[in-house]
Amino acid sequence: MKRLSVLSILCLSVFTIAFAQNKKEQDQNAIKAMCGCFEVTFNFAETFSYSQDSLYKPSKTKVDKGLEWAELVVDSDNKISIQHLLQVGNPAEPYIVKHWRQDWLYENTNLYMYNANNRWTYTKKSNDNVEGQWTQKVFQVDDSPRYEGSATWVHVDGKSFWENTTPAPLPRREYTKRSDYNITLRGNRHEITDYGWVHDQDNAKVIREEGTEDVILANEKGYNTYVKVDDSRCQAAKDWWKTNYDKWASVRAKWDEVYNRNTNLELETKVDNKVLFKYLFDDELVKADAINAIIESFVKTK
């Protein structure tokens, strides 16, 4: 009887390990399904307002379309990195815009949580808290931090999705026009579909002031669809990335060094009246030492 019990436990352990490995492979396949060439439609609409100001004006509904190449930069067992590139303008001679980047880390315990006013709070989670989870880390066009959160990929009833709610800076479409709130509480859902994938968002526009409770100013719905098309349509973006890969590898390496300090992070908005991406988007800036110095100049020291 004792031998049977030990055998049963051993079989259960083997089954559990095999199930976890299969689940992780499903997760990896879902994440990598977000790579390739896509026709993208960005939809955002403010849905509810809670302002007490009778003169309050909600944000206008915004719809944009574009062609986007999502390049698989890192594909390892515990990390998948995807760089997004917008291809705009005349299809015969398109212009390439380095867009956002998303890194996916398996059972990651180190996070930077946005805390308003260009500040991120370093947070260390326990291994138990992140078991089986993937952290999505989203970066700005200059590879500086944006937002991140940890959750479990779900595969059920033919669906594959990941969802998480986390604080984030205002999106570009808002911070150039709005100053009446300072945090977007992002409810993100990434779902793989038969045509590509969907980034479904339920966001809150939050006013955060030190020493007081957060106030929700308004709610917003975002629904961004990524429709897969033939990769050949994004050839210009693919070629651009090959040409510029080394430069942006240097940028990522410097930011990795900053993030690995594992301490709270605060960034300057401008240095010498110039934002970071305008420095880094300069085609003349290619040497690692110069890149490192510019990024470091934006990191505030205590």
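Rules behind the numbers
- Residues numbered from 1 in each chain as written.
- Predicted model: local features only at pLDDT ≥ 70, side-chain atom pairs only at ≥ 80, totals over all residues.
- Heavy atoms only, no water.
- Pairing = 2+ DSSP bridges.
- Helix = DSSP H or I, 4+ residues; strand = E, 2+ residues; numbered from the N terminus.
- Axes fitted to C-alpha atoms, helices over the stretch in contact; angles between N-to-C directions.
- Buried < 20%, exposed > 50% of the residue type's maximum accessible area, 1.4 Å probe, protein only.
- Core = buried A, V, L, I, M, F, W, Y, C linked by side-chain atoms within 4.5 Å.
- Contact = heavy atoms within 4.5 Å.

Visitor: I'd like a rundown of the sheet that holds strand β7 (residues 134-139), residues and numbers included.
Guide: Strands sit in the order β8-β7-β4-β3-β2-β1-β13-β12-β11-β10-β9 across an open sheet of eleven strands; the sheet is antiparallel. Either end of the sheet is taken by a strand with one partner, and the two such strands are β8 (145-151) and β9 (154-156). The mean inter-strand angle of the sheet, taken between neighbouring strand axes irrespective of direction, is 25°. Where strand β3 (residues 79-88) meets strand β4 (residues 95-106), nine bridges bridge the pair, whose relative direction is antiparallel.

Visitor: Hey, could you go over the pairing of strand β1 (residues 36-49) for me, with residue numbers and the actual values?
Guide: Of the pairings in the sheet, the one linking β1 to strand β2 (residues 62-75) comprises nine bridges and is antiparallel in character. Bridge pairing in β2 places F44 opposite K62.

Visitor: Run through unusual backbone geometry, naming residues and quoting values.
Guide: The general pattern is negative phi for most residues beyond glycine and trans for most peptide bonds. Backbone geometry places D157, a non-glycine residue, at a positive phi of 55°. One can find D157 in the loop between β9 and β10 (159-168). Overall, D157 belongs to the exposed group, its relative accessible area being 75%. Backbone geometry places D272, a non-glycine residue, at a positive phi of 55°. Mapping D272 onto the fold places it in the loop between β14 (265-266) and α4 (276-280). Taking the relative accessible area as the measure of exposure, D272 reaches 71% and is therefore exposed.

Visitor: Requested: an account of the nonpolar core, with residues and values cited.
Guide: Side chains of nonpolar character tend, in soluble globular proteins, to be buried together. If you look at the biggest cluster of nonpolar residues, it comprises 36 residues, and the most contacted ones within it are V251, W255, L265 and L280. Of all the elements in the fold, those that place two or more residues in this core are β2, β5 (110-114), β6 (119-124), β12 (196-207), α3 (235-259), α4 and α5 (288-298). Tallying contributions element by element places α3 first for this core, with seven residues. Each residue touching L265, except ones within four places of it in the same chain, is listed here: Y112, N118, R119, W120, P145, V258, Y259 and V299. The next biggest cluster of nonpolar side chains, apart from the first, holds 24 residues, and it includes M34, Y106, W134 and V138.

Visitor: Can you explain the pairing of β8? Please cite residues and give values.
Guide: The buried fraction of β8 amounts to seven of the seven residues, a majority that puts the element mostly inside the structure. Here six bridges tie β7 to β8, and the two strands are oriented antiparallel to one another. Within β8, the residue paired with V138 across the bridge is Y147.

Nothing here speaks to function; it is geometry throughout.
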